Structure formats: structure tokens, C-alpha cells
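Spelled out, the chains give:
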Amino acid sequence: MVRERDDPGTVGRRVQRLRAQRGLTQRQLAEPAYTPAYISTLEAGRVRASDEALRHIADRLGVSFEELALGRPAHLATHLRLRLTEAQRMLADGRAEEAAARYTDLLAEAAAHALVPEQAAALLGLGECALETGALTDARAHFERAEEQLADASPAARVPAVRGRAVAHYLAGELRYAVYLLETTLDELNRGGLHDPDALLLLYASAIGPYLDMGAHARAAQAAEYALALAPRAGDPALIARMHRSVARTLLAEGRVAEADASLAKAGELYRQLSLRTELAHCHWMRGYVHAQNNQLEAAEAELRQALDMLSQTRAALYRSQAAVELADVLHRRGRSADAAELLEGVLGDFSSERGAVHAAAAHRLLGIIAEDARDTESAEEHYVRALSLLERAGAAGDLADLCRLLGDLLRRTGRVEAALDAYRTGLGHRAAPGTTTLGPAPAQPPL
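Now for a description of the structure that goes with this document. (Residues numbered from 1 in each chain as written. Predicted model: local features only at pLDDT ≥ 70, side-chain atom pairs only at ≥ 80, totals over all residues. Heavy atoms only, no water.)

Considering the overall build of the chain
- Along its length, the chain carries 22 helices and 0 strands.
- For the chain, the residues scored as buried account for 50% of the 448 residues in total.
- In the chain, of all internal contacts separated by at least 6 residues, the share reaching a separation of at least 24 is 63%.
- Here the chain displays about 20500 Å² of accessible surface, and carbon together with sulfur accounts for 50% of that area. (Helix = DSSP H or I, 4+ residues; strand = E, 2+ residues; numbered from the N terminus. Buried < 20%, exposed > 50% of the residue type's maximum accessible area, 1.4 Å probe, protein only. Contact = heavy atoms within 4.5 Å. Areas by Shrake-Rupley, 256 points an atom, 1.4 Å probe, with all protein chains shown as cover.)

Written out as C-alpha cells, the structure is:
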């Protein structure tokens, strides 16, 4: 969407004001291409000047065409992009609330001057901030608005907004819709030959969690394999990005706008790669899960601890808490139940029924098992019931069936046979054949 030029009256008054500020006569402004009468008519708002005429006048006045035609300050877009990279840095440093305030100001400024790419960038930033703080409804709204702003852009350019929406739905427990968004976009890119490695990496890495929670383990493993193969290589992106920001400031002060823009583009890309570290952490998380499924518990613990370290560096609090639940399961299986329980108790407060519901349920399930082992059946039952409520809301069928079996066994051992039968029946209603899901065909493969 390109903003229309201001109306002739507004443009005319602007020309007259700038001419007076510079001490030029109408003849001096007009020559050699136009007449003083034409300038007089234009300043009175009685003629709509052509782009060619406005470019001539802008050159004589020493301003940009945009400043004359739109009232947009010179180099505004470049200054906004500089401040957007500063907000990205804040978010990468874990200062989500501070970054959100900066993005809000930038969004208002970009909207006032109809700078569409900058509006989209600010909305994406606000969405990422909301994900970090767990405000999932706000996150979805920001990502939807960003996608609307990018309606005329390429599918690859829209990927961060789509991925953001999908992650927000996933964290809210809406697994199937999250997978639908991700797979539909993957198909659009791969079948259309739009093989943008970073875009594909974002999508594949984001699909791993929903796949696992839905029991689609083969698809999760394949997505992790693709994501790791697509992963870019960067030394210290934060350090390099800071250098490019500093260079951009210097270039801008010297009036070298095109070079400043190029330096800012590099800084923005590197800050985006910092966000990719969260996605790569998911891949180590997935590897840890696979090792755990194969009973390779030492390797699983190593991968999960690496994922936790990476997530701690990016300060992705909710994701870190989810990975901690997976690690706690491995620790319990390695005979370190006290360590597992301590880890779980430390992260339970990060979850709710609308925020990380599946992993909250997993945490309660494992705490229930640990309580049973300690012969604390009352606490065990309380944890199982909480987990059951969370899983029913999220629709995680495979986990529900297993949990109902655990709860049923506990109720049967404590003499409540009818209640145990009810739990077993509930579990049977959610049971699926091993390895099956109700997902459609897998998305098209990327060229690697």
C-alpha cells in the first residue's frame, strides 16, 4: 500500500512555507523549467502538480520529494529502521516490556506517515514481545495485523507473522490449528519453489512442539532434521549487529542514507538470527526427546541441558519452562526424582490453562508419579486430576489416554473401583493406534 500524495492545497502551502524560509522568489523557484505564474497557482492550491514538477521544486528547495509531496521528514524511514533495530536488541537482551514500549511508539509514528514495512516490523516486534511475556491473545492480534500489512508481500516475507500466530495458538493449547497454519505455509513455499532457508527453518522448527504433543513423532523428527540442515551459520550475531548499528548512526550523520540503510538491514538480519537461536534450541530439545524415547537417557539429558542453556541465553522463559519439564522426566527415569521434582516445582508457576497447557499437564503427571512412588496417594491423585483437566482442554489425545490409565490404576489400588472404571473409559475414548494422527498428508519437502 503506497500512501497518496497530500491534497493540492496542503502541498501548495508547504511549497510556499519552504520557499519563504529559503528567501526565494517564485521566479527563482520556477526557473528554468516553469513560470512564476505556475508556482503562484500551485501555492494557491489550484493545480495538482505532476511528480516531475514536484521533483524539480524539491530539488530547488533542497528537500526530498517525499517531504514535499507527503510532508514526511527527510530520512524518516531510515531513522525508524534504526530505532526498530534498537528495539530488536532490547528484545534479544530479554527486556521484552521495554522493547514493547519502544515498538508501540514506533508503530504510531510509522502509521502516521503510512510507512507500511515499518508498521509491519513494529507489529511483529510487539507480537514477539507478547509471546515472551505470555500475553497470547495480544500476540495473536499483533501477528494478524502484521500479516494484513504484508498482504502484498511475498509468502516468504509473511512467514514471521504466520509463524508467530501459529506459536501463539500452540502455546494456548490449540495444537491442530497451529499445525494447519505451519503446514499450509510450508506447502505454499516448497511447492511454489520459494526456498528461503530462514523462512523454512522458522516453520519447521516451530512445528516440532505441536507435532510431539499430537503424537506425530515421525513428523516431528523429520521437521527437526530439516531445521538443523537449514540452520544458518553465525559467529556472534549480537556483537556484529551492534557494530552495524553503530556504523549506521555514523553514516546517517554524514548523510550517507543508502549505506546506513544497508548497515541497518544487516543489523536487523542478525537480530533476527538471535531469535532463530530459540528455534535451534527446539531442535536440541527434539533430539533429547528422541534419545529419551530410545532410552538413551545420558544423551537425552545432554541435549536437553543444551536446549535449556540456549533458551536461557535468549530469555525465552515459557519455552525454557517447557524444556525443563522434558528434562525432569529424564532425571526421574535416571533415578533422580528429588532433582526432577525440584525442577518441576520451579517452573509450574510459568504455566496456565491458556499458556503451555500440555507441558503443565506433563509436569503435574510426573509430580503425580513421583508422589505415588513416595506413597503419597492424595497428592498423586490431585496432580493427575489437574493434568487431566489441562489435557482435555488442549485435546492432546495420546497423553490423555496414558493419564487416564495412571489415574484409574491409582483409584483401583485405593479401592474406588467405579471411579477407576470411569477413568479407564475416558482413556479408551481418547486412545489412538500407535503413531497415528488425524493430520493430513505431510507438507512438501524442501530442497536441501
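Still more ground to cover, so stick around.
Focus: helix α19 (residues 357-373)
- Compared with an ideal rise of 1.5 Å per residue, which puts 17 residues at 24 Å, α19 spans 24 Å between its outermost C-alpha atoms and is within 8% of the ideal.
- In terms of residue burial, α19 counts as a mostly covered element, since 14 of its 17 residues are buried.
- Downstream of α19 by one or two residues, R375 has phi in the positive range, about 65°. (Expected span 1.5 Å × (residues − 1).)

A word on helix α3 (residues 36-43)
- Those residues of α3 lying buried are I39, L42 and E43. Taken down its axis, α3 places every buried residue within 95° of arc, on the same side.
- For α3, the secondary structure elements touched by its buried residues are α1 (8-21), α2 (26-30) and α4 (51-61).
- G45 lies just past α3 and shows a positive phi near 75°. (Arc of directions from axis to C-beta.)

Quick word on the environment of A100
- Position of A100 relative to the elements: it lies in helix α7 (residues 96-112).
- For the pair formed by A100 and E128, sequence separation is 28 residues and the distance between their alpha carbons is 8.9 Å.
- In this view, A100 contacts L126 and C129; residues no more than four positions away in its chain are not counted.

Details of the packing of aromatic side chains
- All chains considered together, the criterion is met by 2 aromatic pairs.
- Taking 5.2 Å as the distance between ring centres and 20° as the angle between the ring planes, the aromatic pair formed by Y34 and Y38 counts as stacked.
- On the basis of an interplanar angle of 25° and a centroid distance of 5.9 Å, the ring pair of Y177 and Y180 is categorised as stacked. Of this pair, Y177 and Y180 both sit in helix α11 (residues 175-191), 3 residues apart, which is roughly one turn of that helix.
- According to the relative accessible area criterion, Y177 is partly exposed, its value standing at 36%. (Phe/Tyr/Trp six-rings, centres within 6.5 Å; stacked < 30°, edge-to-face > 60°.)

Points about the packing of helix α10 (residues 155-171) against α11
- Viewed as axis vectors pointing N to C, α10 and α11 meet at an angle of 165°, and their least axial separation amounts to 8 Å. Overall, the two elements α10 and α11 adopt an arrangement that is roughly antiparallel. The way α10 lies across α11 gives a crossing that is left-handed. Here P155, A156, R158, V159, V162, R163, R165, A166, H169 and Y170 of α10 lie close against α11, whose contacting residues are L175, Y177, A178, L181, L182, T185, E188 and L189.
- Considered class by class, the residues forming the contact of α10 with α11 number 12 nonpolar, 2 polar and 4 charged. (Axes fitted to C-alpha atoms, helices over the stretch in contact; angles between N-to-C directions. Parallel < 35°, antiparallel > 145°, perpendicular 65-115°, else oblique. Left-handed = near helix turned anticlockwise from the far one by under 90°. Nonpolar A, V, L, I, M, F, W, Y, C, P; charged D, E, K, R; others polar.)

Section: the environment of V385
- Within the fold, V385 resides in helix α20 (residues 377-394).
- As for V385 and L407, which are separated by 22 residues in sequence, their C-alpha atoms are 7.8 Å apart.

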